[in-house]
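Okay, here's what each chain looks like letter by letter:
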Amino acid sequence: MTSSKENLIPKFASTFQPLIDQEGYLVNQSDLSCHEVVGKSLAILRTSKDHEKSKKDAKEIWDVALPKELSMTTNSNGVQCLWISPDEFWLLHSQQQKADIWNKIESLTIEMSMVDNSAAYGVLEFNGGKVNKLLSRWMSYDLNGSLNSGKVVSTTLGQAPVIVFRTAEGKLMMMVRHSFSHYVAGLLKDSAKRV
Amino acid sequence: MLLIHCPYCKESRDQSEFSPAGEAFIARPKSPEGISDEEWADYVFYRTNHKGNHWEQWVHTNGCRKYFLVERSTISHQILQVAPFGARNSETEL
Amino acid sequence: MRLAQHPSHQVDYSKSLNFIFNNKRYKGFEGDTLASALLANDALLFTRSFKYGRKRGLMTAGVEEPNALVSLEIGGRYTPNLKATEIMLYDGLSAVSASNPNAFDLRAFIKPLHRFMPAGFYYKTFIKQKVWAKVEGRIRAFSGFSKAPTVEDVDVYDHIFHHAEVVVIGGGAAGISAALEVLNNSQKERVILVDERNQLGGELFNEFSSDEAAKTWLKDSVNRLLSFANEDSERFTLLTQSTAYAWHDQNFIEVLETITTAESLTSSEPQKARKIVHRIRAKEVILATGAHERPMLFEANDLTNIMLSQSVRRYLHEYGVISGKKVVIYGNNDSIYSTAKDLHVNDIECIVVDVRSSDNPIEIVSELKDSGVKVLQGYSIVKALGSHRVKGVEITQTKLQDNNWQVFGDTQTIICDLVATSGGFNPVVHLDCHNGAKTYFDEVSQSFLPQQERDNREVCGAVAGAGAWQDAIIDAKNKAQFTLNALGAVSKLKQEILSENYSNYFNVSQFFTPKEILNKQKVFLDLQNDVTTLDVALSIREGYRSIEHIKRYTAMGFGTDQGKTGNINGIAVAAELLEIPLSELGTTTFRPAYTGVDFGAMAGREIGDFFDPQRYTTIHDSHVASGAEFEVVGQWYRPWYYPETGENMHQAVHRECLAARTSLGMMDASTLGKIDVQGSDAREFLSRIYTNAWMKLAPGNCRYGLMCNEKGMIIDDGVSTCINDNHFIMTTTTGGAASVYSALEMWLQTEWSDLDVHLNSVTDQYSTIAVVGPNARKLMKLLCQDVDFERENFRFMQWRQGTVCGVDARIMRISFSGELAYEINVEANYGRYIWDQVAITGEKWNITPYGTESMHVLRAEKGYIIVGQDTDGSMTPMDVNMSWILAKDKPFSYVGRRSFSISALSAEDRLQLVGLLTKDSSTVIPEGAHVIDNKGKSIGYVTSSYFSPILDRSIAMAQIQGGLAKIEETVLVKIVQKKQGLKEIPCEVSSSVFYDIEGEKVDGND
Amino acid sequence: MQKKYSWYSLLKAGLNDQDWDQAIPLIQPKSKYDVIIIGAGGHGLATAYYLAKECGINNVAVVEKGYIGGGNTGRNTTIIRSNYLRDEASSLYEHALKLWEGISEDLNFNVMFSQRGVYNLGHSLQNMRDIERRVNANILNGVDAVVVDANEIKQQIPIINTSKNARYPIMGASYQARGGVARHDGIAWGFARAASMLGVDIIQDCEVIDIEVEEGRVKGVKTTKGEILADRIGCVSAGHSSVLAKMAGLRLPIESHPLQAFVSEAMKPVLHTVVMSNAVHGYISQSDKGDLVIGAGIDGYNSYAQRGSTKIVEHAAAAILELFPIFSRVRMNRQWGGIVDVCPDACPIISPTKVEGLYFNCGWGTGGFKATPGSGNVFAHTIAQDKQHPLAEPFHINRFTTGGLIDEHGAAGVAH
Ligand SMILES: Cc1cc2nc3c(=O)[nH]c(=O)nc-3n(C[C@H](O)[C@H](O)[C@H](O)COP(=O)(O)OP(=O)(O)OC[C@H]3O[C@@H](n4cnc5c(N)ncnc54)[C@H](O)[C@@H]3O)c2cc1C
Ligand SMILES: NC(=O)c1ccc[n+]([C@@H]2O[C@H](COP(=O)([O-])OP(=O)(O)OC[C@H]3O[C@@H](n4cnc5c(N)ncnc54)[C@H](O)[C@@H]3O)[C@@H](O)[C@H]2O)c1
Ligand SMILES: Cc1cc2nc3c(=O)[nH]c(=O)nc-3n(C[C@H](O)[C@H](O)[C@H](O)COP(=O)(O)O)c2cc1C
Ligand SMILES: [Zn+2]
């Protein structure tokens, strides 16, 4: 009576799954696109009082250097480490790495805290010349003047808290809380009609 | 709409990212049971409510989530200075 | 009348447009405003005045217009109260006067009664409340301008944030010059230039006919600006038809851009925004908003075709329109001569009446006289003639003696059909004053000028008192240099020299307010509100002497024009009557909006679905598929109940509750707040936050906790799970998640920074599915093989890690229903999958999804509280009979504990939570009904009340004064609302636990 | 002696151009009074009026730093109702409402009290429970109140949006028919005129800069117009209460916050009642001039600037559009702010202080306009007898120490 369940393949639904088109786009128009990036996992690292020790631990587990204010670092495996606050860093890594990393974490005695929050956020990628035009309808942040490549900013999109960072010129990433995904998708699609 | 400099993000951001969190320098009594009802009420309810330069707490709710201190004029809304939490414990301290 | 096309004209005579005004058809041209087009058609009457019903026409050509209010279009694009001067004409436009000038109007009819209706009339009449109640409605019927819209707006509005180093407000000579100076002398600095008109240039077009240089300068400058806008669009943004309407703290400026063109108004394409609010955060602001002209005061100065002199010029120069053939130009400054010259050049007959004497000869006067224009110096108009359209004026001699104006000699009549007046200029200081800056009265230019020093802003051009356009340009350059310097873009200031009479270029004389004129009837100050000099005088006589009282007593400046033309004259009149200097009286407060802002534009897209975020769990689509009705909790949409075909809520809830009690139910509990608490002091932290003990809770276990604020009042509750000694996961109520999280952070950061604790919100990380009912264990065994579910190995209030249908899960055995229940927590991406699997697998026990309503019934049967329903921010743990949850021996005085020892918190007559059982078991008390004592006074109220399907009777919870001591007593619940059927319901006070009092169900059946 | 307002006097004035008397005479302060009231808002003026009229104390000065009624009295949305939750509060507000019903006649000044009814909307199940609880309490306390459902609301206010699909659908409301609005300036002027007729000195442009205390007793005040002595002083200075308390060496459980409002351009009457929604933070009525008067939510930070954040005002506009979508193309004409004195339990303080002879009446926060006559009335008696008026008893400042908070927050929410 047990086997039936064991053979099931769990169905993973990405954050924006019900909202994107078949290619994964929320918005796809001339000079402006927004699609969901799937396959990313998120770990949240809160450093301990002994920041130096945390830095070392981070290096050991993740092979990343902790970034300075509002910036990010990337390691050779493509793990991105985002500065969120003086004692909080977000590590974006691929789903494949996740199991290994968490095994490693559990085997170490570290004083900092680590939380897996992969399912809590969806990641959107924006491309095109009109991205700032679209986002400036909902974001008070100075996208043109201050959001340079490599910069990480937590702010709001409308009333939803989001993290945005620019990985390259013309390419912007945004992390959205799962429960706000309908709201955010709604805002973006609506405004995209008028940029 | 205020423009507030977050001492942790080291950047000025729109007020909508922040939440005000009340008058600064109201420390929780070290031993609540050891003080009178008046003293307890003073901590819980009573405020100086400065007209003029006023130290207050703000939290960067939709940013780094840190609480910090702001000295702001309650007459002109001008922000005179900001400080990370713990950098000072009273108005007069330098 | 329309003149031949001239280069200064902003209308295109080759493109004619048809429109309708007050049901009549007219033709105008592209570039016209509704006002200019109507003037050209000699349609001069726009409205009836507010109080006296006087017929009125245009007074101005701009946003300062007090009279010409119209409504535009019908249906979903009907817009009330627009000024004809701000509506750009388009083909097919249709407009209606706010108050039809041609209709019979009682207000005009009762003219003889006007003298009995002074300012403050209503304060002195209808003093009996009963009488007022009867007449108010009838008086109201006369109020207001246009009719309100009747249907929903079909257009949408956007908001856009901008950041700029420099914002220049006003695109006249000064603004253009300032913007160019900044752009030319800096590299990266971003500049935004806004102007409310549809063409850059401000008042400069007026100079075109006499000054070729003005034309050349404007053309060149605008071209240079346009090339910046095209080639370096990141750096320079030009916004026309865009009004800066508010200036908030720290240079946050809101600009309303009107996008609508004829096409979008009439097209059915809904996507395009009708208007956009640009929210600009500027480092530096350059204010170049120009000046509004003020009228001269004389009797019947409100007649149609008495206009401001500069406005007559604007109609002439920008639109090629003039509404008279014989014009009297009247004023107290040199600008009237420029108007006369322009009219004369266009072969329009005119006479100049100047209140100033001829003592100081001016060049332009002799020039005009030589060319044959009649000039009367030392004369004033005392009265305008005509019933509604001006037909002539009466003038007398006048002189200034000891700072007092005197009017003397015989009156003469001059026949005319248009009067153009200029009483000097009011710099447009409005925006500058929005966040606290003051004005000062400048005796030289006889105007209120912006506060001199102010951080991060400069003022230039006419708003700074500059008169000549050449000076405005130089002044703007000079001020822009200061701005550049403040930005660090230039270190050496370039400053050019202004002409000598820079700030009194027009030689404005002191306000012309002779008592003889002020004492006359119908000398209007505020035309929109029909405020006269006599009203101001009366206000002062009655003791309303402060300018703010005068404003409020007379309604001066209350209108849609906010007194742009009338207020300063009103202040001058009051100062004259009070015999104090204008500077002492001051202005009233300038407030946003500079000109009206549509509510729709203020709201932007934050309406409808975007009014507030709607938050969904990842299981939401399954709930929708099951036909759930939803309840909004916080911002979350939670299934409320799942009606099957034909069921109402009560039937559905009945079925759902019985399923959970007798077999199996399931519920989406994902919305509960979840906070990850880590660190070596995590236990200590929980002990300080919760009222109960946490030091001994072993890993693998969970515990319920109650949280209070420092006042000792319950604010939240929930179950926290011990993962290991340094790691807990706390749950909070759905609505309380955000506030609890920030309160916890507050304690950690501001008071207990020595604790080693880190918080992370993991609410969105997990989907939580509650499996509830006696058959829950059987189902769990099917769903998950790697956990031992046996009763003694996985006890109540424990948790286990396992794999549910192939997905990692943390399974907690907790219960909010009293039944055997498990909560499966999985990564949210698998939430829907697991939900569906649970549903399918549970089919054999007829598993039934249930919503918040059934959850409420189930928990009430067990007497569990809902924070916010059974408590209201004034209930202590003792009040809800939960003293057991107060740890006695915690070393740290946990949050709220100190307050418990305050006398009032242990008073015997406090409201306490108890159960209520109606004597008639089928009666369900309405929630919110009150319990009364034998005197009929309320002694408490019902917080929760349901029909319990399992008990087959009604149950309720109530807060009753001293309720815990009343158990087993009978009390009355009084129904006092008629429609609920007035009655008294006898009830027995009981424990609030109704079902399974011994708590035997929680282990289920095996 | 001043003349009575009547049709007759109006006629006479119109015919002879005869001067009206000074409703608010210009007065220089005397050196000593029996009682000084600090703050000539509605509450302060009402206090002076009732001191003179009902307590036999006519030697009273009201000192005002600006112009009378220029504080919150002159900048509020004028909603008047008495359907408060707690017995203590509803008794006080009902006392005020009863006075409102006769105030124009009493003062011989039409304050245009318009009993057009007040709806408090509910948008969630919990809102509706709270409304039921409050309405039932009101009825038991003899306060008129009724719960209406969405259909009834729609019938009474056809332009309101009762769609079930709204983000915050209207589920029902409490309705108080005797509630309404009044002319904000009128109540200040009416009390001022009536009080000065009874001999009260109203002194404007006279800011109190110090309160003189000697051996625990109040002695007088220093003002911008010199020193004025009195044995009893009542502070009725709303947003500035903490500032005055500080002068006397006291602290209060009060914070000053901006509260904003705005008006539209005037339109023909279309909204004939008052509609409030605490859940979406919008309050609306249409004035007798025709403008929509709209109240917004409170700003979270402290301020004495009489202005607040735009986002709050814009949110209020959005909230109003949720309720009344047809107002989308109506334009905001003017926006302003007041400084409200917020008490932790959303109830006022009417109380003596530790300084003998010094009384405070403050903490009315966002909702004191409606209480104006009642507040002045009970405060006058409290000062005159040096004993709490029975209705004022629960509002003693001691409640913050003894724990006897009234906590109107519970179910009444924001207290406009
Ligand atoms: C936008 C807004 C909307 C509101 N809406 C409502 C509503 O709809 N219904 C309702 O019931 N209430 C409402 N209120 C609240 C209401 O306005 C106030 O509670 C009430 O008007 C307070 O009256 P008051 O006489 O106590 O204070 P105020 O009218 O503020 O009078 C206090 C006076 O004290 C003076 N003063 C201060 N310091 C000194 C000094 N040192 N020396 C001399 N004088 C001094 C001030 O100048 C002021 O005139 C609203 C308030 C605001 C701001
Ligand atoms: N003050 C005087 O004495 C005076 C009188 C009459 C004419 N002038 C003439 O005025 C010109 C001076 O140039 P200037 O640039 O200072 O003034 P201007 O009046 O030419 O230009 C000001 C511009 O700002 C716009 N504006 C005002 N408020 C605005 C707002 N809130 N948002 C957007 N736009 C706004 C106006 O519509 C106008 O286009 C010269 O041509 C001069 O001859 C001056
Ligand atoms: C009930 C009410 C109605 C108002 N109606 C108008 C109005 O129609 N037009 C107007 O300009 N101001 C109106 N005001 C606002 C006042 O002009 C003024 O802004 C307010 O009293 C605050 O004063 P202040 O702006 O001088 O600081 C109204 C104020 C209130 C309280
Ligand atoms: Zn920050």
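Once a new chain begins, its residue numbering starts again from 1 and follows that chain's sequence as written. As they are written, the chains are lettered A onward and the ligands numbered 1 onward, keeping that order. pLDDT decides what is reported in this predicted model: residues at 70 or higher carry local features, side-chain atom pairs at 80 or more are listed and counted, and totals for whole chains, interfaces and linings draw on all residues regardless. Side-chain figures throughout are based on the complete set of non-hydrogen atoms in the structure, without hydrogens or water.

Draft legend 1. Here's a closer look at the sheet that holds strand 14 (residues 282–286) of chain D. Pairing between two strands is assigned when DSSP locates at least 2 bridges connecting them. What counts as a helix is a DSSP run of H or I of at least four residues, what counts as a strand is a run of E of at least two, and both are numbered from the N terminus. What the nine strands build is an open sheet, ordered 29(C)-16(D)-12(D)-15(D)-14(D)-13(D)-4(D)-6(D)-5(D); its pairing is mixed. Every other strand in the sheet has two partners, leaving strand 29 (597–598) of chain C together with strand 5 (146–149) of chain D as the edge strands with one partner each. Both strand 4 (residues 118–122) of chain D and strand 6 (residues 172–176) of chain D contribute to a ladder of five bridges, which runs antiparallel. Residue pairing across strands places Asn120 of chain D opposite Ser174 of chain D, the latter belonging to strand 6 of chain D.

Draft legend 2. Layout of the packing of helix 2 (residues 51–62) of chain A against helix 3 (residues 95–107) of chain A. Residues and elements named next belong to chain A. Working convention: axes come from line fits to C-alpha atoms, limited for helices to the stretch in contact. Angles between N-to-C directions cover 0 to 180 degrees. Their axes nearest at 10 Å, the elements helix 2 and helix 3 cross at an angle of 135°. Accordingly, the angle class assigned to the pair helix 2 and helix 3 is oblique. Taking contact as the criterion, the partners of Glu60, Ile61 and Trp62 in helix 2 are, on helix 3, Ile101, Lys104 and Ile105. By the convention adopted, Pro, Cys, Tyr, Trp, Phe, Met, Ile, Leu, Val and Ala count as nonpolar, Lys, Arg, Asp and Glu as charged, and the other residues, Gly among them, as polar. Among the residues forming the contact of helix 2 with helix 3, the class breakdown is four nonpolar, no polar and two charged. Roughly parallel means an angle under 35 degrees; roughly antiparallel means over 145; roughly perpendicular covers 65 to 115; every other angle is labelled oblique. In this analysis, two residues are considered to be in contact whenever any of their non-hydrogen atoms come within 4.5 Å of each other.

Draft legend 3. View of the pattern of salt bridges. For this analysis, a salt bridge means a side-chain nitrogen from Lys or Arg found within 4 Å of a carboxyl oxygen belonging to Asp or Glu. In this structure the tally under the stated criterion is 95 salt bridges over all chains. A salt bridge links Glu17 of chain B to Arg13 of chain B; its shortest N-O distance comes to 2.8 Å. The buried label goes to any residue with under 20% of its type's maximum accessible area, the exposed label to any with over 50%, and the partly exposed label to all in between, with areas taken from a 1.4 Å probe on protein chains only. Of the residues examined, Arg13 of chain B reaches a relative accessible area of 2% and is grouped as buried. With a closest N to O distance of 3.9 Å, Lys326 of chain C and Glu349 of chain C form a salt bridge. In this pair, Lys326 of chain C is assigned in strand 16 (residues 326–331) and Glu349 of chain C in strand 17 (residues 349–354), connecting sequence segments 23 residues apart.

Draft legend 4. Structural detail: the site of ligand 1. Residues and elements named next belong to chain D. Proximity is defined per residue: if any heavy atom of the residue lies within 4 Å of a molecule or strand, that residue is considered near it. Close to ligand 1 lie 37 residues, the nearest being Glu64, Asn72, Thr73, Thr77 and Lys370. Within 3.5 Å is the distance limit for a polar contact, defined as a pair of N or O atoms, with the added protein rule that one can donate a hydrogen and the other accept it, and that residues adjacent in sequence qualify only through two side-chain atoms. In this structure, an oxygen atom belonging to ligand 1 sits 2.9 Å away from a main-chain N or O atom of His43. The side chain of Thr73 places a nitrogen or oxygen atom 2.5 Å from an oxygen atom of ligand 1. All accessible-area figures derive from a Shrake-Rupley calculation using a 1.4 Å probe, and residue coverage is judged against the displayed protein chains alone. Surface burial for ligand 1 is 97%, taken as the share of its 1000 Å² of free accessible area covered by protein chains. Breaking the shell around ligand 1 down by element, the ones donating at least two residues are helix 2 (42–54), strand 12 (255–264) and strand 16 (331–342). Of the residues belonging to the shell around ligand 1, the class tally is 13 nonpolar, 19 polar and five charged.

Draft legend 5. Region of interest: the coordination of the zinc ion (ligand 4). Residues and elements named next belong to chain B. Coordination shells were defined by N, O and S atoms within 2.8 Å of each metal, extended to 3.2 Å for Na, K and Ca; water is absent from the atom set, which can make sites look incomplete. Donor atoms from the polypeptide that coordinate the zinc ion (ligand 4) comprise Cys6 (SG), Cys9 (SG), His60 (ND1) and Cys64 (SG), at 2.0 to 2.4 Å from the metal. Seen from the zinc ion (ligand 4), its four donor atoms lie at angles of 105 to 117°, and the figure they make is tetrahedral. Here the donor residues of the zinc ion (ligand 4) share one chain and are spaced in sequence as C-x2-C-x50-H-x3-C. Note that Cys6 is positioned in strand 1 (residues 3–6) and Cys64 in the loop between strand 4 (53–59) and strand 5 (67–73), a separation of 58 residues in sequence. Owing to a relative accessible area of 0%, Cys6 belongs among the buried residues under this scheme. Here Cys64 falls in the buried class, since its relative accessible area comes to 2%. Irregular is the label for any site that misses the other tests, which are tetrahedral for four donors with all angles between 85 and 135 degrees, and square planar for four donors or octahedral for six when opposite donors exceed 155 degrees and the remaining angles lie between 65 and 115.

Draft legend 6. A look at the site of ligand 2. Residue and element names in this part refer to chain C. Taken together, 30 residues lie around ligand 2, and Asp195, Glu196, Glu203, Ala244 and Ala462 are the ones closest in. Summarising the interface, the protein chains cover 96% of the accessible area of ligand 2, which totals 860 Å² for the free molecule. Elements with a contribution of two residues or more to the shell around ligand 2: helix 5 (173–184), strand 11 (242–248) and helix 11 (469–487). Among the elements that take part in the shell around ligand 2, strand 11 stands out by supplying three residues, more than any other.

Draft legend 7. View of a nonpolar patch on the surface. All names here are of chain C. On the surface, Phe104, Leu106, Phe109 and Phe142 cluster together into a nonpolar patch covering about 460 Å² of accessible area. Checked against the element boundaries, Phe104 lands in the loop between strand 7 (93–97) and helix 2 (106–109). By relative accessible area, Phe104 is classed as exposed at 64%. Like-charged residues are merged into a patch within 9 Å and nonpolar side chains (Val, Leu, Ile, Met, Phe, Trp, Tyr) within 5 Å, provided each residue has over 30% relative accessible area and no salt bridge.

Draft legend 8. Examining the interface of chain A and chain C more closely. On the side of chain C, 50 residues touch chain A, which itself brings 50 residues to the contact. Here the quantity called buried area is the total loss of accessible area, with a 1.4 Å probe, experienced by two parts when brought into contact, counted for both. Surface buried jointly by chain A and chain C totals about 4400 Å² across both partners, of which 51% is contributed by carbon and sulfur atoms. Linking chain A with chain C are six salt bridges. At the junction of chain A with chain C, the criterion picks out 26 residue pairs in polar contact (both at pLDDT 80 or more). Those elements that provide at least two residues to the side of chain A that touches chain C are helix 1 (3–6), strand 3 (40–46), strand 7 (113–116) and helix 5 (181–192) of chain A. If one sorts the elements of the side of chain A that touches chain C by residue count, helix 5 of chain A sits on top with five residues.

Draft legend 9. Just the state of the cysteines, in detail. Throughout, a disulfide means two cysteine sulfur atoms within 2.5 Å of one another. Applying the stated criterion across every chain, the model contains zero disulfides over all chains. The thiol of Cys416 of chain C is not disulfide-bonded; the next cysteine sulfur, from Cys350 of chain C, is found 11 Å away. You can call Cys416 of chain C buried: its relative accessible area is 4%. Of all cysteine sulfurs, the one in Cys362 of chain D lies closest to Cys235 of chain D, which takes part in no disulfide; the gap is 8.3 Å. We classify Cys235 of chain D as buried; its relative accessible area is 0%.

Draft legend 10. Inspection of the interface of chain C and chain D at higher detail. Facing the 123 residues of chain C at the interface are 103 residues of chain D. Taking both sides of the interface into account, the surface hidden between chain C and chain D amounts to around 9700 Å²; carbon and sulfur atoms contribute 52%. At the surface where chain C touches chain D, the tally comes to 13 salt bridges. Scanning the region where chain C abuts chain D turns up 66 residue pairs in polar contact (both at pLDDT 80 or more). Pairing geometry for strand 29 of chain C and strand 16 of chain D, over two bridges, is antiparallel. Bridge pairing in strand 16 of chain D links Asp598 of chain C to Arg331 of chain D.

Draft legend 11. View of the sheet that holds strand 19 (residues 379–385) of chain C. Residue and element names in this part refer to chain C. Here we have three strands laid out as an open sheet, ordered 19-20-21, and antiparallel in their pairing. Both outer strands of the open sheet, strand 19 and strand 21 (404–415), are each paired with one neighbouring strand and no more. Averaged over all pairs of adjacent strands, the angle between strand axes in this sheet comes to 25°, irrespective of strand direction. Sheet analysis places strand 20 (residues 392–401) next to strand 21, joined by nine bridges and oriented antiparallel. Among the inter-strand pairings, Val393 is bridged to a residue of strand 21, identified as Ile414.

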